[in-house]
Amino acid sequence: MTQSKQRSPVRKAVLPAAGLGTRFLPATKVQPKEMLPVVDKPLIQYVVEECVASGIENVVIVTGRGKNAIEDHFDVSPELEAFLDRKGRSDQAELVRQISNLVRFSYTRQKEPLGLGHAVLEARDMVNNEPFAVLLGDVITTSANPATRQLIDVYEETGEGAIAVSPVPREQTSLYGIVSTDPLVERNGRKLYWIRDLVEKPSPEEAPSTLAIVGRYVLPPEIFDCLERTPPGRGGEIQLTDGLRRLAKERGLWACVCEGKYYDAGDKLGFLQATVELALENAEFGNAFRAWLRELKL
Ligand code: UTP
C-alpha cells in the first residue's frame, strides 16, 4: 500500500499560533499564550527548537491579532545585543543572537481564529506542493529523538502522512481527538497503527480507542485539498481532525506512538507540569529545585 508513493523531503513546518488562548485567561488577555515562559524560554521557542532538531529548514508561524511578540522574539535585537556586548556579557549576547539564527522564519496571518484546520490552510501558499510538519505552538514534548523527527522517518519510510498519538486514561478521551485504527504494526522499532477514522473529543463510552492526538503531524500536501472541502465542524471551527479524516479515507494515514512526553502547555495544569519537569532537568538549578520540592510538605 505504501511502496509506490513519490517522496519529497520534509523541509517545512507550520506552527499554528493564532488561537485566543482562552483556557489560560487572564494571563493571555494581552500576552500570546505561545510566549508564556516555561522555565526561561517562551513555549514557542521549544517548538522551534524541536523543528531544528528534526532537520526542518523553514518554519512558517501562523499568527494573528495581538501576536506580534512572537515575530519580535525571533527577530534580531541589535540594541539589546550591543548593550550586552558593551557590558561584557558576551554569553548573554550570544544567547540572544542565536534565537534569530535558529532557522529560516516566515509568517502568515490568520485574520480570525476560525479553527486549527483553517490556520493550517492559511500556510498553503508558503508550503507549496511539499510534505510538511505541523507542530502546535502550545504543546511541548520531551524526547532525545524529537516526535517530529520520528514522524518524518515514518513519512520517509512509507510515503504516507503520520500523526503522533499517546495513550490517555479512558476518562480523559473527551479532551482529545481520538483515533480508531487497525491492529498495531511494529516497524523499525516504531509502534504504528493504520488509521481507520478520527473522532474529535469523544465521551469515554464512545471513544474507539484511548490513543489521543497530541499535536505533532507530518502531512502530504493533499491535506490542503482535504481542508478546503472541510466545512466548519465542532464549535463552528474548521477542525484539522475533520481534514485528517478525509485524508485518512482518501489516501491513508499512520498514527505513531512516538517516544517522549507531551505537555499541553496551553492548559494551566499542563503548563505547570511542563514547568516542573523542565525545571528538574535544568543543569543550573535542577538539583536545588528538587531539594526545595522535597522540603514542601506535600
Ligand atoms: P488550541 O485549541 O489549544 O488553541 O489550539 P486556542 O483556541 O488558542 O485555545 P483555547 O481553547 O482558547 O485556550 C492549538 C494551537 O492552534 C492554534 C493555537 O494558537 C494553538 O497554538 N490555533 C487554534 C490557531 O492558530 N488558530 C485557531 O483558529 C485555533
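This section reports on the structure supplied with the text.

What counts and what doesn't
- Residues numbered from 1 in each chain as written.
- Predicted model: local features only at pLDDT ≥ 70, side-chain atom pairs only at ≥ 80, totals over all residues.
- Heavy atoms only, no water.
- Core = buried A, V, L, I, M, F, W, Y, C linked by side-chain atoms within 4.5 Å.
- Buried < 20%, exposed > 50% of the residue type's maximum accessible area, 1.4 Å probe, protein only.
- Helix = DSSP H or I, 4+ residues; strand = E, 2+ residues; numbered from the N terminus.
- Contact = heavy atoms within 4.5 Å.
- Phe/Tyr/Trp six-rings, centres within 6.5 Å; stacked < 30°, edge-to-face > 60°.
- Lys NZ or Arg CZ within 6 Å of the ring centre and 35° of its normal.
- Pairing = 2+ DSSP bridges.
- Near = heavy atom within 4 Å.
- Polar contact = N/O pair within 3.5 Å; in protein donor to acceptor, adjacent residues only side chain to side chain.
- Areas by Shrake-Rupley, 256 points an atom, 1.4 Å probe, with all protein chains shown as cover.
- 1 Å grid on protein atoms, 1.4 Å probe; cavity = no way out; pocket = protein on both sides within 12 Å on 5 of 7 lines; lining within 4 Å.
- Points joined across faces, edges and corners; volume = space filled by probe spheres on them.
- Nonpolar A, V, L, I, M, F, W, Y, C, P; charged D, E, K, R; others polar.

1. Notes on the nonpolar core
So, step 1. Leu15, Val59, Ile61 and Ile140 are the most contacted members of the largest nonpolar core, which has 45 residues in total.
So, step 2. In terms of residue count, the dominant contributor to this core is helix 1 (residues 43–53) (six residues).
So, step 3. Excluding anything up to four places from it in sequence, Ile140 contacts Val38, Leu43, Tyr46, Val47, Arg216, Lys261, Tyr262, Tyr263, Ala274 and Leu278.
So, step 4. Among the nonpolar cores identified, the runner-up in size contains 33 residues, and Val60, Val134, Val165 and Phe224 belong to it.

2. Looking at the packing of aromatic side chains
So, step 1. Here the structure, examined in full by the defined rule, presents six aromatic pairs.
So, step 2. Each ring, one from Phe132 and one from Phe224, has its centre 5.0 Å from the other, and the planes form 5 degrees; the classification is stacked. With Phe132 in strand 6 (residues 132–135) and Phe224 in helix 8 (residues 222–228), this residue pair connects regions lying 92 residues apart in the sequence.
So, step 3. Since its relative accessible area comes to 1%, Phe224 is described here as buried.
So, step 4. Between Trp194 and Trp254 the ring centres are 4.7 Å apart and the planes differ by 70 degrees, which places this aromatic pair in the edge-to-face class. You can see Trp194 sitting in strand 11 (residues 190–200) and its partner Trp254 sitting in strand 13 (residues 253–257), a full 60 residues away along the chain.
So, step 5. Each member of the aromatic cluster is reached from another via a ring pair, and the members are Phe74, Phe105 and Tyr107.
So, step 6. Above the face of the Tyr46 ring, Lys41 is positioned so that its terminal group lies 4.7 Å from the ring centre.

3. A few points about the pairing of strand 11
So, step 1. Along strand 11, eight of the eleven residues are buried, which leaves the element largely enclosed by surrounding structure.
So, step 2. As defined by bridge partners, strand 9 (residues 177–181) adjoins strand 11 across five bridges and the pair is classed as antiparallel. Its bridge partner being in strand 11, Gly177 is matched across the sheet by Glu200.
So, step 3. Pairing geometry for strand 10 (residues 185–187) and strand 11, over three bridges, is antiparallel. Pairing of Arg187 across the sheet is with Arg190, part of strand 11.

4. What about the site of the ligand?
So, step 1. In the region of the ligand, 19 residues are neighbours, and Gly19, Thr22, Arg23, Glu34 and Gln110 sit closest.
So, step 2. Measuring from an oxygen atom of the ligand, one finds a side-chain N or O atom of Thr22 at 2.5 Å.
So, step 3. At 2.7 Å from an oxygen atom of the ligand is found a main-chain nitrogen or oxygen belonging to Arg23.
So, step 4. Protein chains bury 84% of the 570 Å² of accessible surface belonging to the ligand in isolation.

5. Points about the layout of surface pockets
So, step 1. Taken as a whole, the largest pocket holds about 1,500 Å³ of empty space.
So, step 2. What lines the largest pocket is a set of 46 residues, and nearest its centre among them are Arg23, Leu136, Asp138, Lys201 and Asp264.
So, step 3. Residue assignment for the lining of the largest pocket shows that the elements contributing at least two residues are helix 5 (116–121), strand 8 (161–167), strand 12 (211–219), helix 9 (240–250), strand 14 (261–264) and helix 10 (268–281).
So, step 4. No other element matches the four residues that strand 12 contributes to the lining of the largest pocket.
So, step 5. Here the residues of the lining of the largest pocket sort into 21 nonpolar, 15 polar and ten charged.
So, step 6. When its volume is computed, the second largest pocket comes out at roughly 410 Å³.
So, step 7. Taken together, 18 residues make up the lining of the second largest pocket; nearest its centre are Gln45, His73, Leu95, Val96 and Ile99.
So, step 8. Breaking the lining of the second largest pocket down by element, the ones donating at least two residues are strand 3 (41–42), helix 1, helix 2 (68–73), helix 3 (78–86) and helix 4 (90–100).
So, step 9. Among the elements that line the lining of the second largest pocket, the one with the most residues is helix 4, at five residues.
So, step 10. Its residues assigned to classes, the lining of the second largest pocket shows eight nonpolar, five polar and five charged.

Interpretation note: all reported values are geometric properties and have no functional meaning in isolation.
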